[in-house]
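Breakdown of the fold
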Amino acid sequence: MNRIEIDVITGKREVIELTAQEVAQAQTQYAEWLALQPTKEEQIAKLQAQIDALNT
Amino acid sequence: MPLQLSGTSGVLDNSGAFIAGTAVASTSGTSIDFTSIPSWVKRVTVIFDSVSTNGTSAKIVQIGSGSVTTSGYLGTSVYTGASTGGSTYTTGIGIADGSAADNIMGTCVICLLGSNTWVASVCTGRSSNAYGFLGGARLALGGTLDRVRITTANGTDTFDAGSINILYE
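Report follows, based on the coordinates. This is a predicted model, so every value here is computed, not measured.

A tally of helices and strands in chain B yields zero helices and 16 strands. Computed over the C-alpha atoms, the radius of gyration of chain B is 16 Å, within 12% of the 15 Å expected from 2.2 N^0.38 for a compact globule of 169 residues. Along the longest, intermediate and shortest principal axes, the C-alpha atoms of chain B span 55 × 30 × 25 Å. Every one of the 169 residues in chain B was classed for burial, and the buried ones make up 53%. As displayed, chain B has an accessible area near 6,400 Å², and 55% of this comes from carbon and sulfur atoms.

Structure (structure tokens):
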């Protein structure tokens, strides 16, 4: 995995291989984001409420 | 427009002028960083043209000072279309979620409130179906903003289509 880095002043473009630490940080970041997401049941309940609202 | 030039440091201040970067093909990499953003910048607009990744993780924008900040954001992005919903984001500014087939178009405008606190607004849409995304976020940086990263929430999905650019002013 790599990232693309562009210097806006010089226009220099570099492709940089991610370090193991950066990959681990990304995984931690993703776990944090996932923990904030609604569960499948919560999403179904929300959609059902929207359907019910359309039917009233 | 107080243009200030330095023989050694280049443009020291160019407040009021729009400066466009060079559009980058978002066809590879897990993230795209725009670095060396000048210290006088007070607004950065990230422009997405048909941007896609190979996974389903939400696309996000992160900012930084010296290094990219990956936590501490406050904000939400919502989608609206055939159904509605949304997500809160703490690891970046939410741009869009969706499937690998989605191509995203739109902008993320990041403005300096003051004291290195930046506030963003998001307006994007998909090409593959009738969904749009709206959002807002804020982050207090530890120093002057000098970089913007476009990536995904999981940090491992790879860009596979489109192009991205920034305007700064």
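There is more to say after this.
The next point concerns the interface of chain A and chain B. Across the boundary between the two partners, chain A contributes 22 residues, which contact 32 residues of chain B. Of the roughly 2,400 Å² buried between chain A and chain B, counting both surfaces, carbon and sulfur atoms make up 54%. On the chain A side of the interface with chain B, the three residues burying the most area are V8, Q29 and W33 of chain A, jointly 26% of the side's total. Note that R3 of chain A is salt-bridged to D33 of chain B, the shortest N-O span being 3.4 Å.

Now for the packing of aromatic side chains. Residues and elements named next belong to chain B. Counted by the stated rule, this structure contains three aromatic pairs over all chains. Here W40 and Y168 contribute two aromatic rings whose centre-to-centre distance is 6.2 Å and whose plane-to-plane angle is 50°, an arrangement assigned as tilted. Linking W40 in the loop between β5 (31–35) and β6 (43–53) with Y168 in strand β16 (residues 159–168), this pair joins segments that are 128 residues apart in sequence. W40 gets classed as buried once you look at its relative accessible area, which sits at 6%. Among the residues examined, Y168 registers a relative accessible area of 3% and is labelled buried. Each member of the aromatic cluster is reached from another via a ring pair, and the members are Y79, Y131 and F133. Above the face of the Y131 ring, R126 is positioned so that its terminal group lies 4.9 Å from the ring centre.

This part is about helix α1 (residues 20–36) of chain A. For α1 of chain A, built from 17 residues, the straight-helix expectation of 24 Å at 1.5 Å per residue is met to within 8% by its first-to-last C-alpha distance of 25 Å. Turning to α1 of chain A, its buried residues number three or more, namely V23, A26, Q29 and W33 of chain A. Buried residues of α1 of chain A fall within an arc of 120° about the axis and therefore sit on the same side. Seen from the buried face of α1 of chain A, the exposed residues on the opposite side, beyond 90 degrees, are A20, Q21, Q27, T28 and A35 of chain A. In the core, the buried residues of α1 of chain A are packed alongside β7 (59–65), β10 (84–88) and β15 (147–152) of chain B.

The rules behind each value
- Residues numbered from 1 in each chain as written.
- Chains lettered and ligands numbered in written order.
- Predicted model: local features only at pLDDT ≥ 70, side-chain atom pairs only at ≥ 80, totals over all residues.
- Heavy atoms only, no water.
- Helix = DSSP H or I, 4+ residues; strand = E, 2+ residues; numbered from the N terminus.
- Rg over C-alpha atoms; globule rule 2.2 N^0.38 Å.
- Buried < 20%, exposed > 50% of the residue type's maximum accessible area, 1.4 Å probe, protein only.
- Areas by Shrake-Rupley, 256 points an atom, 1.4 Å probe, with all protein chains shown as cover.
- Contact = heavy atoms within 4.5 Å.
- Buried area = accessible area lost by both parts, 1.4 Å probe.
- Salt bridge = Lys/Arg side-chain N within 4 Å of Asp/Glu carboxyl O.
- Phe/Tyr/Trp six-rings, centres within 6.5 Å; stacked < 30°, edge-to-face > 60°.
- Lys NZ or Arg CZ within 6 Å of the ring centre and 35° of its normal.
- Expected span 1.5 Å × (residues − 1).
- Arc of directions from axis to C-beta.

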